[in-house]
Structures are given as structure tokens and as C-alpha cells.
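The chain contents come next:
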Amino acid sequence: MKKTDFRKILFGISNWCVFFLLAAFVVTCCMILFLNIMSDTLGITFTEENISTAAKLTFANVIVISLLFTAIDTIRRKVMVDRPTKRITDAGKKLTDGDFSVRIKKLGDNHAYESFNSIIDCFNKMAEELGSVETLRSDFISNVSHELKTPLAVIQNYGTMLQSHELSEEKRIEYAKGVTDNSRRLASLITNILKLNKLENQQIFPANERFDLGEQLCENLLQFEDIWEQKNIGIETKIEDDIYIYSDTELLSLVWGNLLSNAFKFTESGGRVGVSLTADEKYAVVRISDTGCGISAETGSHIFEKFYQGDTSHATQGNGLGLALVKRVVDIMQGEISVESEVGKGSTFTVKLRRGEGVGMEKAD
Ligand code: ADP
């Protein structure tokens, strides 16, 4: 006999014992009461024979009643406890085996099932959450592998071509440049993935310091001087002086770098890129605008997603992680980011940042 079967039998016997003792107690009390009333009020005297028959009858009654209660309790337990528990444990097993589509059907409106139904609700929500996390994870992995494979394949090709002996100087330089550009793209992709991963697990910025936001914007803008000169892009700045905020300089620099890089990337030669900064007591508002290709409503609803690239003609110049990084930083800083755009006319990204409280965060005199 299996250990579990033996336990079940033991459980059945103990269950019956409980009901037997209960029924014996109740019936004995009733009998004593009944006998007392009979002898007091009706003056009936009980003989030994009478009492022995009554005792036998009572004992038989106790056995039948306790057996009946045990049977009713077993059925009740099976329906009300074992069945829902089995449903939940079966679903739990499926979930542990990686089936995130599993959901448990509710047990009906019966009040007795209320606790089980709330467990089922929690389970279903957990399964849904796990399912979407798993989808995100697998999408992320397939996106990363795809993004890594593309430049690697290009580098391999250029490498093979560079091995040829009859290569003109011009071709050699072209292929070597191809290798360098794609290695750079690969390095930037890996850096961005690592940054994003770090930011997704980070909630606090220990590196908060007080700095001049306008100055930081100008420094970031100047890093694109070569590009705006090359593309003959006009620059318009409207930056209020002495706007100080408390924040993480490095991470905010990442925000401006990405927004500006996109503005210059998506603006054709002869266009304009603008940077403005305004502030009140509580907030600093930065606007980065361009007269580039613009963003359609459909593209606009996805631009902050990881690896999303709306404009594929510039795909090799990015990896679709820039705005996901920007959004993550702004979110952790409890700021807001929005975009207004018109296809063919240009886009304006607006970032609203809290300046915090205290003397250090007020506009400096
Ligand atoms: P990447 O620039 O590397 O493609 P991003 O996350 O920075 O990735 O941007 C996602 C998408 O948002 C881009 O592919 C592009 O379609 C759109 N986008 C972002 N900034 C601009 C902009 N200033 N003008 C037009 N489209 C933009």
C-alpha cells in the first residue's frame, strides 16, 4: 500500500472519530435530558431492561448519524475544496512548465467559493503578467540577435573582399571604411543595450548634482557642429540663462544627445534645428525641433518602443534604442516627454523636467 493511500485511510478514520464523538456527545445529552423529563413529569420509572434497550438504540443512532455526517463532509470537501484546489494546482503545474496561456475558470457566484475565486483572479493576473514579460523577453532577444547579425554579416563580407590580392587602393579604403563603420554600429548597439538594461533596473540616481541646464544643452549641441556644417543646417536657439536643476548630468546628456542626433539625422540639407529652454519655479521645459521628414501618427505611437525604427532609410545610422533610452531616463526623473510632428514639415520633442524643491533648484540670480 502506498504511503499516500495509508494517509488517506487514516484521515478517513480520524474524520469519522471526530463525528462519532460529536454525535455521541449530542445524542447522550439529549437522551439524558429526555429521560429526566420523562421520569420527573410523567413519573415513569425505568427498569434495567428499558435502559439497556435505550442504550443500544442510542449507540446505533450515534454510529449511523456519525457515518452520515462523515459521508456528507467527505462529499462537501470533494466538491468545495478538493475540486478547486486541483484546478489551481493543475494550472500552477502548467505555468511552471512554461505554458503562460493557462487561465483558470472561475467557480461560479457561490459565496462559499469567494476565497478560491480571489486566488483564481490573482493567479490569472500573474499568468498574464508572466506571459507579457516572456513575450517582451523573447522579442528583445530576437531583436538583439537580428541587430547584432546584420553588422556582423557586413563586416564578414568586407573582410572577405579585403583578402583579395587584386584590390585597387580606392576599393581597399572603401571596404576598410565599411568594416570600421559597422564595428562602430555594433559597439554603439551593445553600449545602448547595456545602458538600457542598467536603466531598467535603476530607480534612484545617486549622482544628482546642481548644474546649469542651458549650458549643458549648448555643450551637447556643439557636439553636432560638424554635422550641421556638413549638411548646412541652420541652428536656432532660445535658451533662458541661469536655469539650474538638480539631476544626473550624464543621463540628461544622454537625452539631449539622442534627441539632437535624431533631429540632425532626419533633417535634410538646408533645414533647421532648434533648441529652446524655458522654466518656471517648478519645471524646466526643453524643446528640440527640426524641419525634417516628420513622424506619422502610426509611427508616433511606437517611437518609444525598443528597436522600433519608423524611418528605415536611416536604419543603418541607428538601432531603434535611442528614444527608448530617452523615455526611460525621463520616466525615472519623473518628467514628461511628448512629440508634435507633421509629416514632411518636421518634429518637436518637448521634455518637461522637475526642478525639485529647495534653494539649489531655484532659478539662480
Ligand atoms: P533610431 O533613430 O536609432 O532609428 P530612435 O529610437 O532614436 O531610433 O527613433 C525611433 C524612430 O523614431 C526612428 O526610426 C524614426 O522613425 C523616429 N524619429 C525619431 N526622431 C525623429 C525625428 N526628429 N524626425 C523624424 N523621425 C524621428
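Look above for the structure.
Here is a short report on the structure shown in this document. Quick caveat, the model's predicted, so the values are computed rather than measured. (Residues numbered from 1 in each chain as written. Predicted model: local features only at pLDDT ≥ 70, side-chain atom pairs only at ≥ 80, totals over all residues. Heavy atoms only, no water.)

### Comments concerning the site of the ligand
Argument step 1. The environment of the ligand is formed by 20 residues, the closest being Asn262, Lys265, Asp290, Asp311 and Leu323.
Argument step 2. Within the side chain of Asn262, an N or O atom sits 2.9 Å from an oxygen atom of the ligand.
Argument step 3. Between the ligand and Gly322 there is a distance of 3.4 Å, counted from an oxygen atom to a backbone nitrogen or oxygen.
Argument step 4. In the complex, the protein chains occlude 97% of the 540 Å² of accessible area that the ligand would expose alone.
Argument step 5. Broken down by secondary-structure element, the contributors of at least two residues to the shell around the ligand are α7 (249–265), α9 (322–332) and β7 (346–354). (Near = heavy atom within 4 Å. Polar contact = N/O pair within 3.5 Å; in protein donor to acceptor, adjacent residues only side chain to side chain. Areas by Shrake-Rupley, 256 points an atom, 1.4 Å probe, with all protein chains shown as cover. Helix = DSSP H or I, 4+ residues; strand = E, 2+ residues; numbered from the N terminus.)

### Structural notes on the packing of helix α2 (residues 48–96) against helix α3 (residues 114–162)
The relative placement of two packed helices comes down to the angle between their axes together with the axis-to-axis distance.
Argument step 1. Between α2 and α3, the shortest axis-to-axis distance is 11 Å and the interhelical angle comes to 10 degrees. Here α3 runs roughly parallel to α2, going by the angle between their axes. Contact with α2, carried on its side by Met80, Val81, Pro84, Thr85, Ile88, Ala91, Gly92 and Leu95, involves Phe116, Ile119, Ile120, Phe123, Met126, Ala127 and Leu130 of α3 and no other residues of that element.
Argument step 2. When the residues that make up the contact of α2 with α3 are grouped by side-chain class, the tally is 13 nonpolar, two polar and no charged. (Axes fitted to C-alpha atoms, helices over the stretch in contact; angles between N-to-C directions. Parallel < 35°, antiparallel > 145°, perpendicular 65-115°, else oblique. Contact = heavy atoms within 4.5 Å. Nonpolar A, V, L, I, M, F, W, Y, C, P; charged D, E, K, R; others polar.)

### A look at the pattern of salt bridges
Argument step 1. Under the defined criterion, the tally for this structure stands at 14 salt bridges.
Argument step 2. Asp181 is paired through a salt bridge with Arg184; the nearest N and O atoms lie 3.8 Å apart. Of this pair, Asp181 and Arg184 both sit in helix α4 (residues 169–200), three residues apart, roughly one helical turn.
Argument step 3. Put simply, Glu236 and Arg272 hold a salt bridge, and the shortest N to O gap is 2.8 Å. Residue Glu236 is located in strand β2 (residues 234–239), and its partner Arg272 is located in strand β4 (residues 272–279); the two are separated by 36 residues in the primary sequence.
Argument step 4. The class for Glu236 is partly exposed, based on a relative accessible area of 43%. (Salt bridge = Lys/Arg side-chain N within 4 Å of Asp/Glu carboxyl O. Buried < 20%, exposed > 50% of the residue type's maximum accessible area, 1.4 Å probe, protein only.)

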